[in-house]
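Structural characterization, general
So the chains spell out like this:
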Number of protein chains: 2
Amino acid sequence: MEKKHLSDIEIAQAAEIRHIDTVAEKLGLSAEKLEHYGKYKAKLPLSLLNEEKIAQGNLVLVSAMTPTPAGEGKTTTSIGLTEGLNKIGKQTTVVLREPSLGPVFGMKGGAAGGGYSQVIPMEDINLHFTGDFSAIEKANNLLSALIDNNIQSKTNNLNIDPRTIVWKRVMDMNDRALRQITIGLGGTANGIPREDGFNITPASEVMAILCMAENFSDLKERLGNIFIGYTFDKEPVFAKDLKAENAMAILLKDAIKPNMVQTLEGNPAIIHGGPFANIAQGTNTVLATKMGLSLSDYVVTEAGFGADLGAEKFLNIKCVSSGLKPKAVVLVATIRALRHHGGAKADEYNTASVARVEEGFKNLAKHIENIQKFNLNPVVAINAFPSDTEDEVKLIQQKCAEMNVDAVVAKGWAQGGEGMTDLAKAVVTAVEAHTDDFKPLYDWKAPIREKIETIAREIYGADVVDFSKKAKLQMNRMEKLCLHEMPICMAKTQKSLSDNELRYGRPENFDVSVREFEYASGAGFVIPILGQMMRMPGLPAKPASEGMAIDDNGVISGLS
Amino acid sequence: MEKKHLSDIEIAQAAEIRHIDTVAEKLGLSAEKLEHYGKYKAKLPLSLLNEEKIAQGNLVLVSAMTPTPAGEGKTTTSIGLTEGLNKIGKQTTVVLREPSLGPVFGMKGGAAGGGYSQVIPMEDINLHFTGDFSAIEKANNLLSALIDNNIQSKTNNLNIDPRTIVWKRVMDMNDRALRQITIGLGGTANGIPREDGFNITPASEVMAILCMAENFSDLKERLGNIFIGYTFDKEPVFAKDLKAENAMAILLKDAIKPNMVQTLEGNPAIIHGGPFANIAQGTNTVLATKMGLSLSDYVVTEAGFGADLGAEKFLNIKCVSSGLKPKAVVLVATIRALRHHGGAKADEYNTASVARVEEGFKNLAKHIENIQKFNLNPVVAINAFPSDTEDEVKLIQQKCAEMNVDAVVAKGWAQGGEGMTDLAKAVVTAVEAHTDDFKPLYDWKAPIREKIETIAREIYGADVVDFSKKAKLQMNRMEKLCLHEMPICMAKTQKSLSDNELRYGRPENFDVSVREFEYASGAGFVIPILGQMMRMPGLPAKPASEGMAIDDNGVISGLS
């Protein structure tokens, strides 16, 4: 049954929202276990983690084919799948990232699902939520203040060379004017002038760290290991040299606890952490995933961008670090994106074309092959759009079947859980059929070059990895900093399997180039930079903020 | 009975903390009326405001004599007095400002009272609390991003002259390197380069606005009226020209609601807003004060710095704007500060001297006279210190009696409510004796120059007010901007009744100089600047953050 078409915020505001205690009850959690944030949000104390349940749990990762700029609906599919699984009797929690505030006032809007597959209260989730992003911002910027204060200080001075500082300040705002700035101007009282800049908060390494941390002591250790820059004697300086890690962890004392809200159908949703998917791991916190598994039988979670980035990092970094093992992977595809990879231009995305879908299927096929390399067999979810045709759907299903993969039409956006029971059943089948032989693609202990080559060849389909002179120098330096046994967090365009965003479909006969490296020595990644990475978006000429309103009762409109 | 001496955080952590529902019950509030933030904090919805109770309520303002740099304990006295009033059977709520995060990691430490007169949970109150400061920061910085975005934009452009922008970004951090910066560097994609700077969040006009706002529509109107700068055609530009006020108010949708916590003895405390006391009004939100009055018979509240700043602004700005009328004023004095104003150097503050106290009393006497000019008779609270002597106390009491004023020793820091019943009784006597003829010192509609002269002569004791050439030009401009009917928010040192911080005691035969003006056209103030105003503190050489720790269970130490 198709429901009436309303905007996301209208659907969310019209929904019958349950007290969070009622949602928690579904998981057998009594109200006094929760830390309430109003009636509809709660933080979950870490004492609720249950190692036995975590080990047994059914973890389902939702990833996607290479997306068009609008995205193919991983969040919407994850939420809808959760509704569907609950509908067929599987106790399921969806575990997602928190949206950044910046895009809310810009172009993209929020990120709490869409249509009849949303998490609510969407206004709160899209605005400050429970304050986690602000806490991360403060922890990040406290470290910045301590760095500049140390440079200024005559006693207690670490001899930091201001020209070498790589640690940036952050603000959760689309604000291009802060990308590149000079600070410390105005004379001796105001510090030592130097170049600096602000990134948006999801790009903070503190965000990446919070998402990797297993507990407070792990959090502190990672925070202390943040690399800041060098002394004038070329010695590396870390956050722990500034004795910053305890104060930073204090600022994160509540942010470390996962947040519970609900889906439109009143099922539990845990939303926690939101690191970038290019220069970071692009998935919610380890603690949120483990909390979901501790409290329910199934957990549906997602990782940002296409499977070449999101799933690859989820499986090689997050799973290895935390010991988590997914039992099923859902690859979200849209016929729109398949047409795109088959050669359709943006104005042809809604034009049916079996030929283009067939050509575009090569992109999806590569992602399917990639997931199979981890000894996991994906389920394809065809996120339904009004312009889809039956012939196109059939073709996809037939081609997937040839690869021994189920492809199921997912109607969560239009119908909520009712439109997702078929996908839910396919996922349960995959979970029950799964063999416990998930394996990561590379050994963390392998040389950096080898790990990068493995990802580039196996996942992207590249022939050769070129390393710039700078990148080669940095690889040597990383050995000295003892970063070489860390996993690889590739920073690459999400628009192509290759590092050239214009190459759609399944690129072949191409090389990729590592221009330079960054280190997230606290989070525990080595980040090869394969292209320009945007870390601070701007606002559009007519920002979304102009169309927003709040009435005298605090009811919001114009938020999307 | 003196209790064992422990640090503030040790006392706070050892306290038996009640569920906030239990605290609310004391005010006849049922749990479902609250918006919980964990077990010990709650936001109070504006629907709980009760105009009838507000009009009848017993509002007690706590102010102080001219303070020494350590402060004389207004917050501690306010909390202790609240314990004392509850002890003698008066249902009382203390209403305070929220502390800024910046000083927590610097030198000063937090601001949640001290000793056995504290509000708890002190860690939460001193850290992110319920996120109000972060929300204010975001609203402030969204406006900044919209300004720079508008300058960058080819369509939708207001022709703002970047050289005239007075609106600054804010961050709740002690970070001197951000005081003066250049932004928009790095080429055309990053905006138009210009000078900018960050203030600490309590210095944001958004903070001042939130503290003046009566409701959502008033909030939006004030936000829209924020003055930003000029166009190239020298026309003034306001936030409403950027259509910013709704989006900013949306960011403040929860921050507008007062926060409830508890005192160490389990009495209700409302803590909300925290504007600077120099360039802003230095007192909690109007809504918090009104909420306190709506829910309890007595409200004890405070205003920053000495009575020449805090009480003057409270009475002439906040009370006139909101219609609130205090029924009693407490002037906090310490013998230490009296010795200081009698000529003692910092290392002599703890040395008894009746002669110095007698000389220093002239400062207190002037503040008593000043309060009496509002037709209010103050009660003096002598905030007790171990080095106080009986002779000094007697002298103060005798000299106060000559002015028809009660002076009572206040032992809240050492004893909690038990040490404050005498002061509580004196306050009740003052409230019951009060006549309803409170009057502000000037008419808002008077000319700007006249209003400033009234404050300078009547409150400070100055002879002449000098206006710089710039200030005179600005007074003309303010008439054109229609700001001349706004009240005056003096920006002056708190260390002296004069504008020269070296002149202690009761300065006489002095002039004050208005160097320039600022406008807080949204908050609704004209701000004459009488000296250097610090809006972004720095960290000390050895920041407090270095001594902080958090253990594996999230228990914090080293916070003060």
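A quick note: this is a predicted structure, and the numbers were derived from the prediction, not measured. (Residues numbered from 1 in each chain as written. Chains lettered and ligands numbered in written order. Predicted model: local features only at pLDDT ≥ 70, side-chain atom pairs only at ≥ 80, totals over all residues. Heavy atoms only, no water.)

Details of the overall build of chain A
When helices and strands are tallied, chain A shows 18 helices and 24 strands. A compact globule built from 560 residues would reach a C-alpha radius of gyration of about 24 Å, and chain A, at 23 Å, matches this within 12%. Each principal axis of the C-alpha distribution contributes one length, and for chain A these read about 70 × 60 × 50 Å. For chain A, the share of sequence-separated contacts (at least 6 apart) that also reach a separation of at least 24 residues comes to 75%. Split by element, the accessible area of chain A, about 19,100 Å² in all, is 49% carbon and sulfur. (Helix = DSSP H or I, 4+ residues; strand = E, 2+ residues; numbered from the N terminus. Rg over C-alpha atoms; globule rule 2.2 N^0.38 Å. Contact = heavy atoms within 4.5 Å. Areas by Shrake-Rupley, 256 points an atom, 1.4 Å probe, with all protein chains shown as cover.)

Points about the relation of the copies chain B and chain A
The two copies are related by a screw operation: chain B maps onto chain A through 180° of rotation and 0.0 Å of translation along the axis, at an RMSD of 0.0 Å. Taken together, the rotation angle and the small translation identify this as a two-fold axis. Considering only C-alpha atoms, the residue of chain B closest to the rotation axis is Y37 of chain B, which sits at 2.1 Å. When you check the interface residues of chain B against chain A, 100% turn up at the interface there too, and the contact is symmetric in its surfaces. (Least-squares fit on C-alpha atoms with pLDDT ≥ 70 in both.)

Regarding the UniProt feature "binding site: ATP" (unreviewed entry) in chain A
All names here are of chain A. Per the UniProt record, "binding site: ATP" (unreviewed entry) is found at T68, P69, A70, G71, E72, G73, K74 and T75. Leave out the neighbours within four places in its chain, and T68 touches R336, A337, H340 and Y349. Inspection of the secondary structure puts T75 in helix α4 (residues 74-87). Not counting chain neighbours up to four residues away, the residues in contact with T75 comprise L96, A112, G113 and E302. (UniProt positions renumbered as here; feature names shortened; annotations may be inferred.)

Some thoughts on the environment of A64 of chain B
Residues and elements named next belong to chain B. Tracing the backbone shows A64 in strand β3 (residues 58-64). For A64, a relative accessible area of 2% corresponds to the buried category. Sequence separation of A64 and G114 is 50 residues, and the distance between their C-alpha atoms is 17 Å. In contact with A64, other than residues within four places in its own chain, are K74, F305, G306, A307, L331, V332 and H367. (Buried < 20%, exposed > 50% of the residue type's maximum accessible area, 1.4 Å probe, protein only.)

So, empty space enclosed by the protein
Tallied over the entire structure, the rule returns six cavities of 30 Å³ or more. Considering only enclosed or pocket space, the largest cavity measures out at about 350 Å³ in volume. If you go around the largest cavity, you meet 30 residues; those closest to its centre are F129, T130 and G131 of chain A together with T130 and G131 of chain B. Where the lining of the largest cavity is concerned, the elements lending two or more residues are α6 (132-152) and α9 (245-251) of chain A together with α6 (132-152) of chain B. Classifying every residue of the lining of the largest cavity by side-chain character gives 12 nonpolar, eight polar and 10 charged. (1 Å grid on protein atoms, 1.4 Å probe; cavity = no way out; pocket = protein on both sides within 12 Å on 5 of 7 lines; lining within 4 Å. Points joined across faces, edges and corners; volume = space filled by probe spheres on them. Nonpolar A, V, L, I, M, F, W, Y, C, P; charged D, E, K, R; others polar.)

Description of the pattern of salt bridges
Applying the stated criterion across every chain, the model contains 64 salt bridges over all chains. Notably, a salt bridge pairs K253 of chain B with D254 of chain B, separated by 3.2 Å at the nearest N-O pair. Note that K257 of chain B is salt-bridged to D254 of chain B, the shortest N-O span being 3.1 Å. The exposure class assigned to K257 of chain B is buried, which follows from its relative accessible area of 15%. Linked by salt bridges that have partners in common, E35, K253, D254 and K257 of chain A together with K41 and D124 of chain B make up one network. (Salt bridge = Lys/Arg side-chain N within 4 Å of Asp/Glu carboxyl O.)

A few points about the pairing of strand β15 (residues 298-302) of chain B
Residue and element names in this part refer to chain B. Of all five residues making up β15, five are buried, and the element is well covered by its neighbours. In the sheet, β3 pairs with β15 via five bridges, with the strands oriented parallel. By the bridge assignment for β15, V62 is matched with E302. (Pairing = 2+ DSSP bridges.)

Observations concerning the domain arrangement of chain A
Interfaces are often sized by the accessible area lost when the parts come together. All names here are of chain A. Segmentation of chain A into domains returns domain 1 (8-130 + 255-432), domain 2 (132-251) and domain 3 (448-530). Taking only C-alpha atoms, the centre of domain 1 and the centre of domain 3 are 27 Å apart. Between domain 1 and domain 3, the residue contacts involve 24 residues of the former and 23 residues of the latter. Taken together, both faces of the contact between domain 1 and domain 3 bury some 2,000 Å²; the carbon and sulfur share is 62%. Close ionic contact of E369 with R506 constitutes a salt bridge, the shortest N to O distance being 2.9 Å. (Domains from an automatic or database assignment. Buried area = accessible area lost by both parts, 1.4 Å probe.)

Digging into the packing of helix α13 (residues 354-372) of chain B against helix α14 (residues 390-402) of chain B
All names here are of chain B. The interhelical angle for the contact between α13 and α14, taken along N-to-C directions, is 35°, at an axis separation of 10 Å. As for the relative orientation of α13 and α14, their crossing is right-handed in sense. On the side of α13, the interface is formed by V354, V357, E358, F361, L364 and I368, while α14 contributes D391, E392, L395, I396, K399 and C400. (Axes fitted to C-alpha atoms, helices over the stretch in contact; angles between N-to-C directions. Left-handed = near helix turned anticlockwise from the far one by under 90°.)

Considerations on helix α10 (residues 286-295) of chain B
In terms of burial, α10 of chain B is a largely internal element, 10 of the 10 residues being buried. For α10 of chain B, the full list of buried residues reads V286, L287, A288, T289, K290, M291, G292, L293, S294 and L295 of chain B.

Describing the pairing of β3 of chain B
All names here are of chain B. Among the seven residues in β3, seven count as buried, and that is most of the element. Side chains N58, V60, V62 and A64 project from β3 onto one buried face, and the interleaved L59, L61 and S63 project onto a second face that is buried too. Pairing analysis gives five bridges linking β3 to strand β16 (residues 328-333), with the strands arranged parallel. Residue pairing across strands places V60 opposite A328, the latter belonging to β16.

Some points on the nonpolar core
One finds L81 of chain A together with L81 of chain B to be the most contacted residues of the largest nonpolar core, which totals 382 residues. Among all residues touching L81 of chain B, those that are not within four sequence positions of it are V60, V62, V300, V330, M420, L423, A424 and V427 of chain B. (Core = buried A, V, L, I, M, F, W, Y, C linked by side-chain atoms within 4.5 Å.)

Description of helix α18 (residues 469-480) of chain A
All names here are of chain A. Between the first and last C-alpha of α18 there are 17 Å, a value that for 12 residues agrees with the 16 Å anticipated at 1.5 Å per step. Turning to α18, the residues buried within the fold contact α17 (448-460), β19 (465-467), β20 (512-514), β21 (516-520) and β22 (525-529). Once α18 ends, the next one or two residues include C482, with phi positive near 60°. (Expected span 1.5 Å × (residues − 1).)

Topic: the packing of aromatic side chains
All names here are of chain A. Per the counting criterion, the structure on display carries 10 aromatic pairs over all chains. Geometrically, the ring pair formed by F227 and Y230 is edge-to-face, given 5.2 Å between the ring centres and 70° between the ring planes. With respect to class, F227 is no different from Y230; both count as buried. Between F227 and Y519, the aromatic rings sit 5.4 Å apart at their centres with planes inclined by 70°, giving edge-to-face as the arrangement. Here F227, found in strand β11 (residues 227-230), pairs with Y519, found in strand β21; they are 292 residues apart in sequence, far enough to count as distant. The residues F227 and Y519 share a single accessibility class, namely buried. Through a chain of ring-to-ring contacts, the aromatic side chains of F227, Y230, F238 and Y519 assemble into a single cluster. K240 extends its terminal NZ or CZ atom over the ring of F238, reaching a point 5.5 Å from the ring centre. (Phe/Tyr/Trp six-rings, centres within 6.5 Å; stacked < 30°, edge-to-face > 60°. Lys NZ or Arg CZ within 6 Å of the ring centre and 35° of its normal.)

Digging into the interface of chain B and chain A
Taken together, the contacts link 75 residues of chain B with 75 residues of chain A. With both sides pooled, the region where chain B packs onto chain A buries about 6,300 Å², and carbon together with sulfur makes up 60% of that total. The largest contributions to the chain B side of the interface with chain A come from K138, I250 and I550 of chain B, which together make up 11% of the buried area. Here chain B is connected to chain A by eight salt bridges. One salt bridge connects E546 of chain A with K243 of chain B, and the closest N-O pair in it is separated by 4.0 Å.

A word on unusual backbone geometry
In terms of backbone geometry, most residues other than glycine have negative phi values and most peptide bonds are trans. Residue and element names in this part refer to chain A. The step from I120 to P121 runs through a cis peptide bond, and the omega angle for that step is 0°. Summarising the element assignment, P121 is placed in the loop between β6 (117-120) and α5 (122-126). In this structure, N375 is a non-glycine residue whose phi angle is positive, near 65°. Relative accessible area serves as the criterion here: at 34%, N375 is assigned to the partly exposed category. A positive phi angle, close to 65°, is found at N404, a residue other than glycine.

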